[in-house]
Amino acid sequence: MCLIIVKEEGQSLASKAMLSEVWEKNPHGAGIIYKKNDTSKYKMIKGMMTLKDLMRVIDELNLTDKDFIAYHLRWATSGDVDQKTTHPFVVHDDAKYVNALSVEEGEKSMFVMHNGVIHDLNDKQAKESDTQRFIMEYISQLSVRNIFHCQVTKALIEKFIDGSRLLITHPMHGRIKYGDWHEHEGFSISKPYSQATPFKAKPYQRSAFSNSLSQFSFWEDEKLTDTRVSEVEPVTSAIVGSEEWCDWCGQNTQSEYNSVWAGYICQFCNDTNRFTQ
């Protein structure tokens, strides 16, 4: 299984020695979610297939002790071993967005990191991992508000993920952890630090990591295509208030308060009655 390391604001960055040690047990690629201390926007970049790539990206982003950062190091239990199956993933029902290698400018993106095995979705012959399927088939269909604030939803998700751990972030709702987490030297980690699982690592065949930090990148027909975030979906204004967000689909769009459901609903969700389903 994988490992997630969460560094809160004001805490020291994970050392190269620590990352090197955990990389030996989780060598199938890495990614990070980060948030600068002066903003509410979470950003992400992934697809670093060597420890050197991971350390280089952290240096290039100028991340400091003041910033939030979550590291994910993968050990593949299903799906391919390549850049697109590293974590985090973007919550969406379309694989090309789910598998984005970086999101730097998106104000409304929700990101997910997963450690564990979702047995109902763990097909070792599939190209998609259990996490990718879980996001596209399940998480993307849920109310964003319920994911972060509904205890019933949380209980149902934790039952379905078979004891796995999840980290989910959203610029308006913050971040939430699912499952049982552990502590190590001030870090919140998704499994005991000393835990080691013998395995034979799958080989990684692709070329060295290369990805622009200023672009939204995704895989399509096994070819890496880079597209500016603004070309995929226009970036809207900064968060003004809850009226600017739909509590059901999570979109940063004008919404009206619905007293029956007790939340803000955008025109699309209201017209299609999605929030009643």
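Right above here is the structure, for reference.
Here's the deal with the packing of aromatic side chains
The geometry of an aromatic ring pair is captured by two quantities: the separation of the ring centres and the angle between the planes.
Next, step 1: Applying the stated rule across the entire model yields four aromatic pairs.
Next, step 2: Measuring from centroid to centroid gives 5.8 Å for Tyr42 and Phe68, while their planes differ by 85°, and the two rings are edge-to-face. Note that Tyr42 is positioned in the loop between β2 (30-35) and β3 (43-48) and Phe68 in strand β4 (residues 68-73), a separation of 26 residues in sequence. Each member of the pair, Tyr42 together with Phe68, is buried.
Next, step 3: Between Phe134 and Phe160, the aromatic rings sit 5.9 Å apart at their centres with planes inclined by 20°, giving stacked as the arrangement. Of this pair, Phe134 sits in helix α4 (residues 130-137) while Phe160 sits in helix α6 (residues 151-160); the two residues are 26 residues apart in sequence, bridging distant segments of the chain.
Next, step 4: Taken together, the ring pairs connect Phe134, Tyr138 and Phe160 into an aromatic cluster.
Next, step 5: When the ring centre of Tyr42 is taken as origin, the NZ or CZ atom of Lys35, which lies over that ring, is 6.0 Å away.

So, the pairing of strand β8 (residues 165-170)
Next, step 1: The buried count for β8 comes to six of six residues, which makes it a mostly enclosed element.
Next, step 2: As paired strands, strand β7 (residues 111-115) and β8 are joined by five bridges and run antiparallel to one another. Looking across to β8, one finds that Asn115 is bridged to Arg165.
Next, step 3: Note: β8 against strand β9 (residues 174-178), five bridges, orientation antiparallel. In the sheet register, Leu167 faces β9, and the bridge partner there is Lys177.
Next, step 4: Once β8 ends, the chain turns through three residues before running back antiparallel as β9.

Some remarks on the environment of Trp181
Next, step 1: Mapped onto the elements, Trp181 comes out in the loop between β9 and β10 (182-184).
Next, step 2: As a C-alpha pair, Trp181 and Ser164 span 17 residues in sequence and 9.7 Å in three-dimensional space.
Next, step 3: A distance of 3.0 Å separates the side chain of Trp181 from the backbone oxygen of Tyr178, its partner in a polar contact.

Some details on α6
Next, step 1: Of the residues making up α6, those classed as buried are Thr153, Lys154 and Ile157. Taken down its axis, α6 places every buried residue within 100° of arc, on the same side. Along α6, exposed side chains directed more than 90 degrees from the buried face belong to Gln151, Val152, Leu156 and Lys159.
Next, step 2: Along its buried surface, α6 packs onto α4, α5 (144-149), β8 and β9.
Next, step 3: Downstream of α6 by one or two residues, Asp162 has phi in the positive range, about 60°.

Re empty space enclosed by the protein
Next, step 1: Going through the model one piece at a time under the given rule, you end up with two cavities of 30 Å³ or more.
Next, step 2: Here the largest cavity defines a volume of roughly 80 Å³.
Next, step 3: Lining the largest cavity are 13 residues, and of these Cys2, Thr77, Gly116, Asp130 and Thr131 lie nearest its centre.
Next, step 4: Taken together, the residues of the lining of the largest cavity sort by class into four nonpolar, seven polar and two charged.

Some words on the nonpolar core
Next, step 1: Ile5, Leu19, Ile32, Leu54, Ile58 and Tyr71 are the most contacted members of the largest nonpolar core, which totals 25 residues.
Next, step 2: For this core, the elements supplying multiple residues, two or more each, are β1 (3-7), α1 (16-25), β2, β3, α2 (51-60), β4 and β11 (187-189).
Next, step 3: If one sorts the elements of this core by residue count, α2 sits on top with five residues.
Next, step 4: Among all residues touching Ile58, those that are not within four sequence positions of it are Leu19, Ile32, Leu63, Ile69 and Tyr71.
Next, step 5: Grouped together as the second largest cluster of nonpolar side chains are 20 residues, Met110, Val112, Ile118 and Leu121 included.

Rules used in this analysis
- Residues numbered from 1 in each chain as written.
- Predicted model: local features only at pLDDT ≥ 70, side-chain atom pairs only at ≥ 80, totals over all residues.
- Heavy atoms only, no water.
- Phe/Tyr/Trp six-rings, centres within 6.5 Å; stacked < 30°, edge-to-face > 60°.
- Helix = DSSP H or I, 4+ residues; strand = E, 2+ residues; numbered from the N terminus.
- Buried < 20%, exposed > 50% of the residue type's maximum accessible area, 1.4 Å probe, protein only.
- Lys NZ or Arg CZ within 6 Å of the ring centre and 35° of its normal.
- Pairing = 2+ DSSP bridges.
- Polar contact = N/O pair within 3.5 Å; in protein donor to acceptor, adjacent residues only side chain to side chain.
- Arc of directions from axis to C-beta.
- Contact = heavy atoms within 4.5 Å.
- 1 Å grid on protein atoms, 1.4 Å probe; cavity = no way out; pocket = protein on both sides within 12 Å on 5 of 7 lines; lining within 4 Å.
- Points joined across faces, edges and corners; volume = space filled by probe spheres on them.
- Nonpolar A, V, L, I, M, F, W, Y, C, P; charged D, E, K, R; others polar.
- Core = buried A, V, L, I, M, F, W, Y, C linked by side-chain atoms within 4.5 Å.

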